[in-house]
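Inside the fold
Here is how the chains run, residue by residue.
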2 protein chains.
Amino acid sequence: MKIIELKETITASNDRDAEVLRDRLKRSKTLLINLMSSPGAGKTTLLERTIKDVKDGLKIGVIEADVDSDVDAVRLAELGITAVQAHTDGMCHMDAGMTETALTELGFEDHDLIFLENVGNLICPAEFDTGSGRNVMILSVPEGDDKPLKYPLMFTKSHVLLITKIDTMQVFDFDIGKCVSRARKLNPDIRVFPVSAKTGEGMDAWEEWLLDEIRAWQE
Amino acid sequence: MKIIELKETITASNDRDAEVLRDRLKRSKTLLINLMSSPGAGKTTLLERTIKDVKDGLKIGVIEADVDSDVDAVRLAELGITAVQAHTDGMCHMDAGMTETALTELGFEDHDLIFLENVGNLICPAEFDTGSGRNVMILSVPEGDDKPLKYPLMFTKSHVLLITKIDTMQVFDFDIGKCVSRARKLNPDIRVFPVSAKTGEGMDAWEEWLLDEIRAWQE
């Protein structure tokens, strides 16, 4: 079996834009969480539950980045938070410029917490700094415990790994120990929270982390 | 709730390269199947079972396109077929030029059937014609029946929709009727095969389609 390497040059000037945006967010005491995952990993369901649990006393917003449709933003706006749907015109990720445009539409300055639900994709979003304060990735149990081997950059760039749909663990051959040790090999500092937005299992620890991060960001 | 449109220009000259490659494949009577899906939808498991079932009397090859790792190619090479692992250096898709490079490494001319296991991603691979004879997409039950709403181009560009992991249907709230009608709205001609590579359910119909397509391609 042969292995061949195919190359592409990737442009960058995005990093500087992202730093400038992060500074603005820091000044307005707005924590931007960049939420990344495969399609169907349960980002929106997790967000729904999380927002319901933590929203008291916080001004929360959501940017839904999607190639098309507005089903997720409509669902989340029903929670009484601010929401913007950002169509990426076929693009597979959000960059800092796109994020800034969406944040401006949202009127971010008076928000404590904004979730950027990035495009469903384990590759491209990892390559572009959005200006977020923290990167959170979701891996759902049905996707398999081998994903750190196949999408290493996503695990390297994330501060938190949420392992979702843990209520389906008995149906799938998912070894959580293997998954976590593969993730930690790439990123020793990654925080891991196994959760089920359906049963509520594990949500406390994740939400506690989130509230701590908001406090730290606003200090 | 606001909807904003973010734009990017996408270059193209890939379409002509793809046509040229498709002509070469037609002349060598090699059917190239471009297999696309999210990460963790079960592409490799499905391929394993399919290849075992249909390989008698056929020369089969596999191109495994991945950002990193070679776990899938090693698994498939154990079936006694030819296999090439193509690392895309972070790129989220295969284009016609990359596919041609991989096919040349494989020595495609004496093959009847080659599967290109495209990068796990529902967005980018749909945008690039690889030169394949047929595009097959996989949607796994855990991903949800709303995916045609969110990734329309993938459904538009695919000749076949394989709905995989149907053995987990009772665990997930997946409405197959809704999923299929959403897919057909985008692409009235799409062939749909619900399958489970684990239990074998539905594999016959899919494999019959595959063998018919090989015969038609070689006429």
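So, here is what we can say about the structure in this document. (Residues numbered from 1 in each chain as written. Chains lettered and ligands numbered in written order. Predicted model: local features only at pLDDT ≥ 70, side-chain atom pairs only at ≥ 80, totals over all residues. Heavy atoms only, no water.)

Comments concerning the overall build of chain A
What chain A contains, in helices and strands, is nine helices and eight strands. The C-alpha radius of gyration computed for chain A amounts to 17 Å, which stays within 12% of the reference 17 Å derived for 219 residues, consistent with globular compactness. Oriented by its inertia axes, the alpha-carbon framework of chain A measures out at about 55 × 45 × 35 Å. Counting every position in chain A, which comprises 219 residues, the buried fraction comes to 60%. Contacts in chain A between residues far apart in sequence, at least 24 positions, make up 74% of those at least 6 positions apart. With the model as given, the accessible surface of chain A reaches about 8,700 Å², and the carbon-plus-sulfur share is 47%. Put simply, chain A has 26 plus and 39 minus side-chain charges, and the middle of one group is 5 Å from the middle of the other. (Helix = DSSP H or I, 4+ residues; strand = E, 2+ residues; numbered from the N terminus. Rg over C-alpha atoms; globule rule 2.2 N^0.38 Å. Buried < 20%, exposed > 50% of the residue type's maximum accessible area, 1.4 Å probe, protein only. Contact = heavy atoms within 4.5 Å. Areas by Shrake-Rupley, 256 points an atom, 1.4 Å probe, with all protein chains shown as cover. Lys, Arg positive; Asp, Glu negative; His and termini not counted. Charge placed at Lys NZ, Arg CZ, Asp CG, Glu CD.)

What to know about unusual backbone geometry
All names here are of chain A. Even without being a glycine, lysine 29 presents a positive backbone phi close to 55 degrees. Take lysine 29: it is sitting in the loop between α1 (14–27) and β2 (31–37). The exposure class assigned to lysine 29 is partly exposed, which follows from its relative accessible area of 41%.

Focus on the environment of alanine 205 of chain A
All names here are of chain A. Checked against the element boundaries, alanine 205 lands in helix α9 (residues 203–218). Taking the relative accessible area as the measure of exposure, alanine 205 reaches 39% and is therefore partly exposed. A sequence separation of 13 residues divides alanine 205 from valine 192, and the C-alpha atoms of the two residues are 9.8 Å apart.

Considering the pairing of β2 of chain A
Residues and elements named next belong to chain A. Where burial is concerned, most of β2 is hidden: seven out of the seven residues are buried. Burial along β2 is two-sided: the residues Leu31, Ile33, Leu35 and Ser37 and Leu32, Asn34 and Met36 are all buried. Relative to strand β5 (residues 113–117), β2 runs parallel, the two sharing five bridges. Looking at β5, one finds that leucine 31 is bridged to leucine 113. Pairing between β2 and strand β6 (residues 134–140): five bridges, direction parallel. Bridging from a neighbouring strand, methionine 36 pairs with methionine 137 of β6. (Pairing = 2+ DSSP bridges.)

Considerations on the relation of the copies chain B and chain A
With an RMSD of 0.0 Å, the fit of chain B onto chain A corresponds to turning through 180 degrees and sliding 0.0 Å along the axis. Between the two chains, the operation in question is that of a two-fold axis. (Least-squares fit on C-alpha atoms with pLDDT ≥ 70 in both.)

Things to note about the packing of α1 of chain A against helix α4 (residues 96–106) of chain A
Residue and element names in this part refer to chain A. Look at α1 against α4: their axes get within 8 Å of each other, and the N-to-C directions meet at 30 degrees. Classified by the angle their axes make, α1 and α4 are roughly parallel. Along the contact surface, α1 presents Asn14, Asp17, Ala18, Leu21, Arg24 and Leu25, while α4 presents Ala96, Gly97, Thr99, Glu100 and Leu103. When grouped by side-chain class, the residues that make up the contact of α1 with α4 number five nonpolar, three polar and three charged. (Axes fitted to C-alpha atoms, helices over the stretch in contact; angles between N-to-C directions. Parallel < 35°, antiparallel > 145°, perpendicular 65-115°, else oblique. Nonpolar A, V, L, I, M, F, W, Y, C, P; charged D, E, K, R; others polar.)

Some points on the interface of chain B and chain A
Between chain B and chain A, the contact holds 54 residues from the first and 54 residues from the second. For the pairing of chain B and chain A, the buried interface totals around 4,700 Å² over both sides, and the portion due to carbon and sulfur atoms is 61%. On inspection of chain B and its partner chain A, the count reaches zero salt bridges. Counting across the interface, chain B meets chain A through three residue pairs in polar contact (both at pLDDT 80 or more). (Buried area = accessible area lost by both parts, 1.4 Å probe. Salt bridge = Lys/Arg side-chain N within 4 Å of Asp/Glu carboxyl O. Polar contact = N/O pair within 3.5 Å; in protein donor to acceptor, adjacent residues only side chain to side chain.)

Things to note about the packing of aromatic side chains
Applying the stated rule across the entire model yields five aromatic pairs over all chains. On the basis of an interplanar angle of 15 degrees and a centroid distance of 5.8 Å, the ring pair of tryptophan 206 of chain B and tryptophan 209 of chain B is categorised as stacked. Of this pair, tryptophan 206 of chain B and tryptophan 209 of chain B are both found in helix α9 (residues 203–218), three residues apart, which corresponds to roughly one turn of the helix. By relative accessible area, tryptophan 209 of chain B is classed as buried at 6%. One aromatic cluster is present, formed by Phe193, Trp206 and Trp209 of chain A through successive ring pairs. If you follow lysine 26 of chain B out to its NZ or CZ, it ends over the ring of tryptophan 217 of chain B, 4.6 Å from the centre. (Phe/Tyr/Trp six-rings, centres within 6.5 Å; stacked < 30°, edge-to-face > 60°. Lys NZ or Arg CZ within 6 Å of the ring centre and 35° of its normal.)

As for the packing of helix α2 (residues 43–54) of chain A against α9 of chain A
The description of two helices packed together rests on the angle between their axes and the distance between the axes. Residues and elements named next belong to chain A. For the pair α2 and α9, the least separation of the axes is 11 Å and the interaxial angle reads 65 degrees. Classed by the angle they form, the pair α2 and α9 counts as roughly perpendicular. For the pair α2 and α9, the crossing hand works out as right-handed. Together, Leu46, Arg49, Thr50, Asp53 and Val54 of α2 and Met203, Trp206, Glu207, Leu210 and Leu211 of α9 make up the contact between the two elements. Per-class residue counts for the contact of α2 with α9 are six nonpolar, one polar and three charged. (Left-handed = near helix turned anticlockwise from the far one by under 90°.)

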